[in-house]
2 protein chains.
Amino acid sequence: MRSDRMKGNLDALLLAVLQSGAAHGYEVIAELRRRSGGEFDMPEGTVYPSLHKLENEGLLESEWDVVDGRRRRTYRLTAPGAAALARERAEWARFSVGMNAVLVGL
Amino acid sequence: MRSDRMKGNLDALLLAVLQSGAAHGYEVIAELRRRSGGEFDMPEGTVYPSLHKLENEGLLESEWDVVDGRRRRTYRLTAPGAAALARERAEWARFSVGMNAVLVGL
DNA sequence: TTCTCATACCTAGGGATCCTAGGTTACCGA
DNA sequence: TCGGTAACCTAGGATCCCTAGGTATGAGAA
């Protein structure tokens, strides 16, 4: 996927994945790939800074743990995060309706 | 519409509007607003530079004319522009399927 | 054992994209 | 003549994502 089109939607995707349960960064990337049927294959350099930003904004919270000698930071959605996700979904809906109207003529 | 989400989709929108017939910049903006039901209200400082870029890339061509003493630059889609639009539509389709899969779980 | 692959994290800097903010010219109706 | 609308333009800034590099561990191959 050409990723310019990604811009502005990444937060929504990350929050959506984490709504299904806590996960660490690497796992979020894999889950995003899986759910999108391979369409969204985000580089780590994109996802990690984004997760940090979302945590800074209070939409996620994280905690470190160690599994098999490997450290992981596990993220979970906060209440404000869930609210933000609801807004993102609504915006996406309006946006995609507009896009289809102009592009496809629906 | 929060316009971050716009990023990467603007070219597709402009090409799509111009596929319905030649138009000048101001008119493209109005038509975009109309077709999207008011959702896409693009600033001139966004649209004009984009039209110039598309012309530079050979996807549009333009010509000056004067109507009621006002000069206008009328743009029309080229053959490469039509091809690019077809690609953009296909990409949009794949992208929005992916987004819906992750966001809405469809 | 050593090498490579996968897991798992990180950041600085750059490139692309869009918008803000400012400017110009011309017509028209009050 | 003054504001509103039509119509164009650009420089610079903000934002967003990616490239490219780095670190560390475990598991399996050679």
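Note that the structure is a prediction, hence the values are computed from the model and not measured.

**Student:** Quick question: what am I supposed to make of the protein's contact with DNA strand D here?
**Tutor:** As a structural note, the neighbourhood of DNA strand D is formed by 28 residues, with T46(A), D68(A), Y26(B), E44(B) and R72(B) the closest of them. Among the atoms of DNA strand D lying within 4 Å of the protein, the sugar-phosphate backbone contributes 66%. Interatomic distance of 3.1 Å between a side-chain N/O atom of H52(B) and a phosphate oxygen of DNA strand D. Mapped onto the surface near DNA strand D, the elements with two or more residues apiece are α3 (44-56) of chain A together with α2 (25-35), α3 (44-56) and β3 (70-77) of chain B. Examining the composition of the surface near DNA strand D, we find that five residues originate from one element, α3(B), more than from any other. Here the surface near DNA strand D is built from residues that sort into eight nonpolar, ten polar and ten charged.

**Student:** Sorry, what's going on with the packing of aromatic side chains here?
**Tutor:** The relative placement of two aromatic rings is captured by the distance of their centres and the angle of their planes. By the definition in use, this model includes seven aromatic pairs over all chains. Through successive ring pairs, a cluster of aromatic residues spans F40(A), W92(A), F95(A), F40(B), W92(B) and F95(B).

**Student:** When you look at the sheet that holds strand β2 (residues 60-67) of chain A in this model, what are you seeing that I'm missing?
**Tutor:** Within a sheet, neighbouring strands are paired by backbone hydrogen bonds and run either parallel or antiparallel to one another. Residues and elements named next belong to chain A. Ordered by their spatial adjacency, three strands build an open sheet running β1-β3-β2, and the pairing between neighbours is antiparallel. Bordering the open sheet on either side are β1 (23-24) and β2, each of which pairs with just one other strand. Bridge count for β1 against strand β3 (residues 70-77) is two bridges, and the pairing is antiparallel. Opposite H24, over in β3, you have T74 as the bridge partner.

**Student:** Help me understand the packing of helix α1 (residues 10-19) of chain B against α3(B) in this model?
**Tutor:** All names here are of chain B. For the pair α1 and α3, the least separation of the axes is 11 Å and the interaxial angle reads 80°. In terms of axis orientation, α1 runs roughly perpendicular to α3. Here L10, D11, L14, L15 and L18 of α1 lie close against α3, whose contacting residues are T46, V47, S50, L51, K53 and L54. Among the residues forming the contact of α1 with α3, the class breakdown is seven nonpolar, two polar and two charged.

Criteria and cut-off values
- Residues numbered from 1 in each chain as written.
- Chains lettered and ligands numbered in written order.
- Predicted model: local features only at pLDDT ≥ 70, side-chain atom pairs only at ≥ 80, totals over all residues.
- Heavy atoms only, no water.
- Near = heavy atom within 4 Å.
- Polar contact = N/O pair within 3.5 Å; in protein donor to acceptor, adjacent residues only side chain to side chain.
- Helix = DSSP H or I, 4+ residues; strand = E, 2+ residues; numbered from the N terminus.
- Nonpolar A, V, L, I, M, F, W, Y, C, P; charged D, E, K, R; others polar.
- Phe/Tyr/Trp six-rings, centres within 6.5 Å; stacked < 30°, edge-to-face > 60°.
- Pairing = 2+ DSSP bridges.
- Axes fitted to C-alpha atoms, helices over the stretch in contact; angles between N-to-C directions.
- Parallel < 35°, antiparallel > 145°, perpendicular 65-115°, else oblique.
- Contact = heavy atoms within 4.5 Å.

Distances and angles like these do not, on their own, reveal function.
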